[in-house]
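The primary structure of each chain is shown beneath.
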Amino acid sequence: MYLVEMTPKFILALIILLIYVKLSGKSQIAPMSQLDQVGSMVIGALVGGALLSPAVSAIDASCLVIIWGALLILIRYIKSKNSRLRDAIDGKPIQLVKNGHLISTNFTKANLPVRDFETLVNIQGVYSFNQLKEVWYELNGSLTIIKKGDKDIAVLVIEDSAISQNNLEQLHKDENWLNEEIKKQGYKEVSEIFCAEWFDNKLWIYPNDGVVVQPPKAHHEVRHENTLTETEDKPVKKTATKKATKPRVSKKTTPTE
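A quick note: this is a predicted structure, and the numbers were derived from the prediction, not measured.

(A) Representation of the side chain of Q165. Positionally, Q165 belongs in helix α7 (residues 165–170). Here Q165 falls in the buried class, since its relative accessible area comes to 18%. Here E175 takes part through its side chain, which lies 2.4 Å from a polar atom of the side chain of Q165.

Put into structure tokens, the structure is as follows:
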């Protein structure tokens, strides 16, 4: 009898979890932020508690999970539209090594012992701190490593059609510079761009689906086009052409006697 009563709860909980996973768009645990991980654990606790408690009906359990899941999805949406709010909620990557120098205060800030740091870099094929040029401790606990002699990694300046202010400040650039750069490549607004990265002293732009951009024309091409347009706009005077006339044939007259 108990199993018969709990079966609708199990089915309903499974459906709600499948919908939540589909809406959240998370395919694996590693890239999730701290808020996402804690939120997912709370959803699991709500579902588990509702399933095991006979006093909680299936409808009440579903409403609790729906409300919590909707709040998490709303926060993710807001974070995708505002980079400063995203940094305030999720935090920012912590730079542990800069120009080959280990920043000890940032190790304390990241709560990362040097021994654990050594293990993490060894896993990525780095066997001495002397090989390191730049290292960032990412939000998910992984390391982004640039070794000496490697090129600097790309920096996202536009994410999900929104300008990343912190990354612009890291490059010592501002929004006016970014707007000029995207206009040079034929874009009018940031909303047309899905993401853009600064790499190897060049801005690489990846537009949103359906955005077709024509690169700006060279100066001499514009002049040539204007000349053609002006010529076409001017009315062309029609000159009357004379029809070719057949030469008159004079009749020979026979002399009269």
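Picking up after the structure, the text goes on.
(B) Spatial organisation of the sheet that holds strand β1 (residues 94–98). Spatial strand order, β2-β1-β3-β4: four strands in an open sheet with antiparallel pairing. Two strands lie at the open edges of the sheet, namely β2 (101–102) and β4 (143–147), each paired on one side alone. Sitting on the sheet, helix α6 (residues 114–123) touches β1, β3 (132–137) and β4, and the angle it makes with β4 is about 65°.

(C) View of the nonpolar core. Ranked by size, the top nonpolar core spans 16 residues in total, and within it V157, L178, I182 and L203 carry the most contacts. Looking at this core, the elements with two or more residues in it are β5 (155–159), α8 (175–184), β7 (193–199) and β8 (202–207). Aside from chain neighbours lying at most four places away, what touches L203 is V157, L178, E181, I182, Q185, A196, E197 and W198. Within the second largest apolar cluster, 14 residues are counted, among which are I94, A110, F117 and I145.

(D) Highlighting a nonpolar patch on the surface. Together, F10, I11, I15, I19 and L23 give the surface a local cluster of nonpolar side chains, amounting to about 500 Å² of exposed area. Relative to the assigned elements, I11 resides in helix α1 (residues 2–24). Overall, I11 belongs to the partly exposed group, its relative accessible area being 48%.

(E) Examining the sheet that holds strand β6 (residues 162–163) more closely. Reading across the sheet, the four strands line up as β6-β5-β7-β8 and stay open at both edges, with antiparallel pairing between neighbours. Each edge of the sheet is formed by a strand with only one pairing partner; in this case those strands are β6 and β8. The pairing of β7 with β8 spans six bridges and is classified as antiparallel. Each residue of the ladder has a partner; that of A196, found in β8, is I205. Across the sheet, α8 touches β5, β6, β7 and β8, and the angle it forms with β8 is around 70°.

(F) How the structure looks around the pattern of salt bridges. In total, this model carries two salt bridges according to the counting rule given. One salt bridge in this structure joins D152 and K133, with 3.2 Å as the shortest N-O distance. Of this pair, D152 sits in the loop between β4 and β5 while K133 sits in strand β3, and the two are 19 residues apart along the sequence. In this structure, E181 engages K184 in a salt bridge whose closest nitrogen and oxygen atoms are separated by 3.7 Å. One end of the pair, E181, and the other, K184, are both in helix α8, three residues apart, so they sit about a helical turn from each other.

Basis of the calculations
Residues numbered from 1 in each chain as written. Predicted model: local features only at pLDDT ≥ 70, side-chain atom pairs only at ≥ 80, totals over all residues. Heavy atoms only, no water. Helix = DSSP H or I, 4+ residues; strand = E, 2+ residues; numbered from the N terminus. Buried < 20%, exposed > 50% of the residue type's maximum accessible area, 1.4 Å probe, protein only. Polar contact = N/O pair within 3.5 Å; in protein donor to acceptor, adjacent residues only side chain to side chain. Pairing = 2+ DSSP bridges. Contact = heavy atoms within 4.5 Å. Axes fitted to C-alpha atoms, helices over the stretch in contact; angles between N-to-C directions. Core = buried A, V, L, I, M, F, W, Y, C linked by side-chain atoms within 4.5 Å. Patch = residues over 30% accessible without salt bridge, like charges linked within 9 Å, V, L, I, M, F, W, Y side chains within 5 Å. Areas by Shrake-Rupley, 256 points an atom, 1.4 Å probe, with all protein chains shown as cover. Salt bridge = Lys/Arg side-chain N within 4 Å of Asp/Glu carboxyl O.

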